[in-house]
Structure formats: structure tokens, C-alpha cells
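Commentary on secondary and tertiary structure
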Amino acid sequence: MLPCQLTRVAVVDILIIISFFTFLWISEYVSAKVIRAGIIGPIAVGIIYGEPLANILHHEWQETFLYLGYIGLILIIFEGGLATRMDLLKANFTLSVCGAATGVLCPIGLSYALLYGGFGYGAVETFIIGAALSATSLGTTFAVIASASKNVDLSQTRVGAVLVSAAVIDDVTGLVMSSVIHDLGKLSSGGDVNLGWLIGRPIVASAAMAILTPVLTKWFFAPMFRKYIEHNFAKFDHLSNIMLMILVLCAFISIASYAGTSILFGAFLAGAFLTYLPSKHPEGPFVVMSREEGEREKDKSPTFVHTFECYCLDAQQYVLEPLFFASIGFAIPFLELWTGEAIWKGVVYTLLMLVAKLVVGVWIPIWSIVSHNPKNAKEGPQQSTNSETGYALEATASSPYSPSRGAALNSSTSPAFLLGMAMVARGEIGLLIVEIGYNNTSYVSSEGFITAIWAILLNTIIGPILVGLWIKSKGGLISKGPWGLVPGPNAALKKERERLERDEGLEAQRTGNL
């Protein structure tokens, strides 16, 4: 007997799946147009089609879509790593750490003030709920950045670099706490658990990967790739790129998983690793101004971002990413939310957690005032040179070059609100932590679980909406300000090529007139 036989598929099942994907796409389009937050529609569709409400999809289908959605989440974060400006991350790392620390400590501290002091929840229960609300949804953050790129490319801005770094740190911290909470059940049941190793392993693993990846990349992998490998990539273009991308992504998420840290952190590091590998010299095969140039020129290769766009972007954007946000809807106990006590406690806690993340944006005005230098303000910004290419870069005005501390403060207000709003969404990480606490330990009560779900759900909805509306209103102002767009390493090279092409065109026009 064959292990698997083809059987006739019921037409009703086919129509259900077709309708599910159709409503995913329609809801994403409508929510993006109406409330400037495309992720809200798929979450609502997931609630309706999943177990929380109508339970139209079979349980096996929901499990399959959950796995596919998680692949979509990995690709979202991998793409974010590919598009990340490492120079901006490095320049704003200290500020990002301050913001991330605030984004973790404030929700936990305010949770104790309200849940423990006001609602009478247990101390450990409050910590678990606060830990869930301290996480920032990395997938939602990158989705918001991608959706905002139509107005302003946040990945190329200073405030965007701070946002990405802070969200990654918050995500890793949240996953570390989820590992600890997962094993709290063993402690509560009297199991033999090494508490020091339990807490220390994910912290050490995360720190080791964060330190070793850039060190080994800069001093070993990048030199080897540039000397022996990258010139061969031009022969195969996208094919060689995608094979390397798959190998690197699988290697990083496997290392992260077995080491005890977040595979999402591994996916981000994989993208950042590939971004740094190629030579940045103008003659390097990966230094191209467009995807078409990389595909057309024999001695050039498309970049890894171009290859991602060619092979993965459509599948991610129209299938895997909507499935990821729908899977968030699958996990929300929708009907249990609608009791009077659950609603008012959930709304109050939601507002408090909204403020707890908005506070993160305060660091931008503080940083602008502290770093303000009147001497630099008089001298004005100077030209800087990229150390790898040797090309001069146009230095953008930053807070030290503002004419006064008041001007520095005013120019940082809009980016501060943007950073705080973008950190609000909790999404998948918050749900994961609170569900682990509820299902794997005896500490979280059903009342506390519902209160946490309310806060996670509403913050995941409110955050992207606020970001979308704020970018629509202030996006242009932010991009032109001191926390806005910063020229990339190829900016001067691109300008030089455009000038040469313009001169050649004028010369050809003169020759034709003669």
C-alpha cells in the first residue's frame, strides 16, 4: 500500500482557502488605506477564520499556516537585516541601548504599580505580564518600516537606525525572559532546575552572537569573501546569491536555536552579515546603482537585496507575511475578552503600557540637548569621507550643528514621537511570553491572562496606526531634519555617475547640433 494516496479534494475546502487568502489581501489593502496600518486587516481575518471566532479553517490548516507565517516572520526580519545601515547602527548604538533599556524597564515597573499595587495580582504573575508587555514586536517593526517607505525610507534615517537597534534588543530581551518563564513551571512544581544556567544561557548566547558575528565578519569572512569568492558571483548573478543567502540564514537560525537565543535574532544577524560581506569599493562587483545594472554587466552582480526582491519579496508580501499576522489572530481568545471587568482593566492597562513605550522617544530630545555643541554650530557640518571607498560623503546636519539648544530640541520632537509610537506594538513576542506563563506555569491566572491579551492586542493595533498617521503628517519634516535621511556609502558615487551621464548627454547634444 502506498504511504500517501492522492484523493479528491472537496470543493468546499478549496473555496474556503481561496476566500481566506482573498480576504487577507483585501483587508490588508483596506486597513493600509483607511488607517495607514496594513497589518491590522490580516489580524482581524485571522480572528474570524480561526478558532477565536468562527473556526472556519480546519485545525490542521491553522497549524500549517502558523508555520508558514513564522517563515514569513523570519523573512521579514532577514530582509530588515539586509536593508540595515550598519554605519547608522554603529553611530547610534549607545542611544539605542538607552532606549531599549527604557522600553523594557518602564513596562515592568508600571505593571507592578498597577497590577500588583492596584489590581492585587501576584508578584511573579505581574512580572510575567510585564515581561510580555516589555517586548517589542520585531516583525511588526520591520513591517511598519517597509510600509512607511512609500513616504520616507526609515531604514536610511538616524531615527530608523535607533528604532531597529532598540527593537532588536527588546526582542532578544523578551525571548530571554520567555525562556526563563518557560522553566518557571518546573520551579513551581519542585523540579530540579539550575536557575543560574537557566537565566544565564540565553543571555550569554545572545551576547556571544552579537559580539562574535561582527568581529568574525570583519576580520575573517569578509576578507576571504572579497579576495576569493565575490568576483565569481558575477558569473551566476542571482543563483549564487540566493544559494549563499539560504545557507547563511539556515546556519544563523540553527546556531541561535541550539545556543539558546532567539532565531529571530539569528535571522537579523544573518541579513546584517550578508550586507557587510561584499566589497564597498566602486569597482567591486556588488557596487551597482540598480538591479538592472547588476544583471546586465558581465563583471557586476546584483546585491543580496536585489536577489531577495527577485526570489522572495512577492511570496513574502502576498502569502507569508499576511499568514504571519493572521496567525496572531489565531492565538487571541476573542470571545473571552468581552466581560465588563476584563474590558475596563484591559483598557486601563493598555493606556499605561502605551505610555510606557512612548517614553522611549524621550531619549532623542535628551540626546540632542546633551550632544549639542555651540562651537560646531558656528562652524557648520563638514564633509566626511567613507573609509572603505575613499569617496566624500555629504554630511547631514545633526543636533550638534543646530544653532541653539532650543532649535536642537524642536528638531527632535517629531522623531521622538515617531520612535515612541513605533515601539508600542507587542505582537507575536508578547503573546508568546504571556501564553507560556499561562500554559506552562501556575502563576498566571485567567484574569491576568485576559488583561495582558487586551493590552497586547490594542497596542499592536494602535502602534502601527499612530506611526502611519504620524509619517503621513510629519514624514517629510523628519526626513529632512537632523534625525532624518543620511547619505549612504554609494551616495557620492551615484552623484558622480549622474553628473558624468549628464555631461555625456550634453556633449552628444552639442555634437548633434554641429
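Residues numbered from 1 in each chain as written. Predicted model: local features only at pLDDT ≥ 70, side-chain atom pairs only at ≥ 80, totals over all residues. Heavy atoms only, no water.

1. Some words on the environment of Pro415
What counts, and what does not: A run of H or I in DSSP becomes a helix once it reaches four residues, and a run of E becomes a strand once it reaches two; helices and strands are each numbered from the N terminus. Any residue under 20% of the maximum accessible area for its type is buried, any over 50% is exposed, and the rest in between are partly exposed; the area is computed with a 1.4 Å probe on protein chains only. Contacts between residues were defined by any pair of non-hydrogen atoms, one from each residue, lying within 4.5 Å.
Structurally, Pro415 is set in helix H18 (residues 405-422). Judged by relative accessible area, Pro415 falls into the buried class, the value being 3%. Sequence-wise, Pro415 and Pro482 are 67 residues apart; in three dimensions their C-alpha atoms are separated by 9.3 Å. Among all residues touching Pro415, those that are not within four sequence positions of it are Val159, Ile364, Ile478 and Trp483.

2. Structural notes on the packing of aromatic side chains
Keep this limit in mind: For Phe, Tyr and Trp, rings pair up if their centres lie within 6.5 Å, where Trp contributes its six-membered ring, and each pair is then called stacked (planes under 30 degrees apart), edge-to-face (over 60) or tilted (otherwise). Distance and angle both matter: a charge sits over a ring if NZ of Lys or CZ of Arg is within 6 Å of the ring centre and within 35 degrees of the ring normal.
With the rule as written, the count across this model stands at 23 aromatic pairs. For the pair Phe20 and Phe330, a centre-to-centre distance of 6.4 Å together with 25° between the ring planes defines the contact as stacked. With Phe20 in helix H1 (residues 11-34) and Phe330 in helix H14 (residues 313-330), this pair connects stretches of sequence that are 310 residues apart. On the accessibility criterion, Phe20 (0% relative accessible area) is buried. Residue Phe330 is classed as buried on the basis of its relative accessible area of 12%. Every member of this aromatic cluster is reached through a ring pair, and the members are Phe20, Phe21, Phe23, Trp25, Tyr49, Phe65 and Phe330. The lysine or arginine in question, Arg158, covers the ring of Trp483, its NZ or CZ lying 3.9 Å from the ring centre. Lying across the ring of Phe119, Lys345 places its NZ or CZ 5.0 Å from the centre.

3. Some words on the nonpolar core
To keep things clear, this is the line we draw: The set of buried Ala, Val, Leu, Ile, Met, Phe, Trp, Tyr and Cys residues whose side-chain atoms join them within 4.5 Å is what this entry labels a nonpolar core.
The biggest cluster of nonpolar side chains holds 111 residues, and the ones touching the most others in it are Leu133, Leu274 and Phe304. Among the elements that take part in this core, helix H8 (residues 158-188) stands out by supplying 13 residues, more than any other. Those residues in contact with Phe304, other than ones at most four positions away along the chain, are Leu82, Phe225, Phe233, Asn241, Leu244, Met245, Leu274, Pro278 and Phe286. If you look at the next biggest cluster of nonpolar residues, it comprises 12 residues, including Ile16, Leu24, Val45 and Tyr49.

4. Things to note about unusual backbone geometry
Here Asn55, not a glycine, exhibits a phi torsion of approximately 55°, which is positive. Tracing the backbone shows Asn55 in the loop between helix H2 (40-49) and helix H3 (59-83). One non-glycine residue, Asp237, lies in the positive phi region at around 50°. A residue is classified by how much of its surface remains accessible, and Asp237, at 16% relative accessible area, is buried.

5. Comments concerning the environment of Ile453
Structurally, Ile453 can be placed in helix H20 (residues 446-480). Considered as a pair, Ile453 and Leu337 are 116 residues apart in the sequence and their alpha carbons are 8.2 Å apart. Ignoring anything within four residues of it in the chain, the contact list for Ile453 reads Ile332, Pro333, Leu337, Leu431 and Val434.

6. Concerning helix H10 (residues 238-259)
So the rule is basically this: One less than the residue count of a helix, multiplied by 1.5 Å, gives the span that helix is expected to have.
Between the first and last C-alpha of H10 there are 31 Å, a value that for 22 residues agrees with the 32 Å anticipated at 1.5 Å per step. Residues of H10 that are buried: His238, Ser240, Asn241, Ile242, Leu244, Met245, Val248, Leu249, Phe252, Ile253 and Ala256. Backbone geometry just after H10 places Gly260 at a positive phi near 105°.

7. What about the pattern of salt bridges?
Put simply, the test is: By definition here, a salt bridge exists when the distance from a side-chain nitrogen of Lys or Arg to a carboxyl oxygen of Asp or Glu is within 4 Å.
Tallied over the full model, the rule gives six salt bridges. Here Asp170 ties to Lys357 by a salt bridge, and the two come within 3.0 Å at their closest N and O atoms. Remark: Lys357 occurs in helix H15 (residues 340-358) and Asp170 occurs in helix H8; sequence separation between them is 187 residues. One network of salt bridges, in which partners are shared, links Glu341, Lys345 and Glu447.

8. Considering the packing of H3 against H14
Two packed helices can be described by the angle between their axes and the distance between those axes. Keep this limit in mind: Think of each axis as a best-fit line through the C-alpha atoms, taken over the contacting stretch in the case of a helix, with angles from 0 to 180 degrees between the N-to-C directions. Small angles under 35 degrees read as roughly parallel and large ones over 145 as roughly antiparallel, with 65 to 115 read as roughly perpendicular and the rest as oblique. Here a crossing is taken to be left-handed if its near helix is turned anticlockwise relative to the far helix by less than a right angle, and right-handed if that turn runs clockwise. Basically, the charged four are Asp, Glu, Lys and Arg, the nonpolar ten are Ala, Val, Leu, Ile, Met, Phe, Trp, Tyr, Cys and Pro, and anything else, Gly included, counts as polar.
At a minimum axis distance of 7 Å, the contact between H3 and H14 shows a crossing angle of 120°. Comparing the axis directions of H3 and H14 gives the class oblique. Read as a crossing pair, H3 and H14 show a hand that is left-handed. Taking contact as the criterion, the partners of Gln62, Phe65, Leu66, Leu68, Gly69, Ile71, Gly72, Leu73, Leu75, Ile76 and Glu79 in H3 are, on H14, Leu313, Gln316, Leu320, Glu321, Leu323, Phe324, Ser327 and Phe330. Grouping the constituent residues of the contact of H3 with H14 by class yields 12 nonpolar, five polar and two charged.

9. Here we look at the packing of helix H16 (residues 363-370) against H18
Interaxial distance between H16 and H18 falls to 7 Å at its minimum, and their mutual angle equals 155°. Between H16 and H18, the crossing angle belongs to the class labelled roughly antiparallel. Classified by chirality, the crossing of H18 by H16 is right-handed. Across the interface between the two elements, Ile364, Pro365, Ser368 and Ile369 of H16 pack against Arg405, Ala408, Leu409, Ser412, Pro415, Ala416 and Leu419 of H18.

10. Here we look at the side chain of Thr307
Quick note on the threshold: Here a polar contact means two N or O atoms within 3.5 Å. Within protein one must be a hydrogen donor candidate and the other an acceptor candidate, and residues neighboring in sequence count only if both atoms are side-chain atoms.
Looking at where Thr307 falls in the secondary structure, it is placed in helix H13 (residues 304-311). Among the polar contacts listed, one links the side chain of Thr307 to the side chain of Asn241, at a separation of 3.0 Å. Once you skip the residues sitting within four places of it in the chain, Thr307 turns out to touch His238, Asn241, Ile242, Met245, Pro302 and Cys312.

11. Focus: a nonpolar patch on the surface
Formally: A patch is a set of surface residues, each over 30% in relative accessible area and not in a salt bridge, joined within 9 Å for like charges and within 5 Å for the nonpolar side chains Val, Leu, Ile, Met, Phe, Trp and Tyr. For accessible areas, the Shrake-Rupley method is used with a probe of radius 1.4 Å. Any residue's cover is judged against the shown protein chains and nothing else.
On the surface, a nonpolar cluster with roughly 650 Å² of combined accessible area is contributed by Leu212, Leu216, Phe220, Phe221, Met224, Tyr228 and Ile229. Secondary-structure assignment places Ile229 in helix H9 (residues 195-233).

12. Quick notes on the confidence of the model for the protein chain
Worth spelling out the cut-off: Known as pLDDT, the predictor's per-residue confidence is scaled from 0 to 100.
Per-residue confidence for the protein chain averages 83 on the pLDDT scale, and 84% of its residues sit at or above 70. Looking over the protein chain, one finds the lowest element-wise mean pLDDT in strand E2 (residues 392-393), namely 40, and the highest in H15, namely 95. Segment residues 379-400: pLDDT under 50, and 53 contacts once partners within four positions in sequence are set aside and those in other chains are kept.

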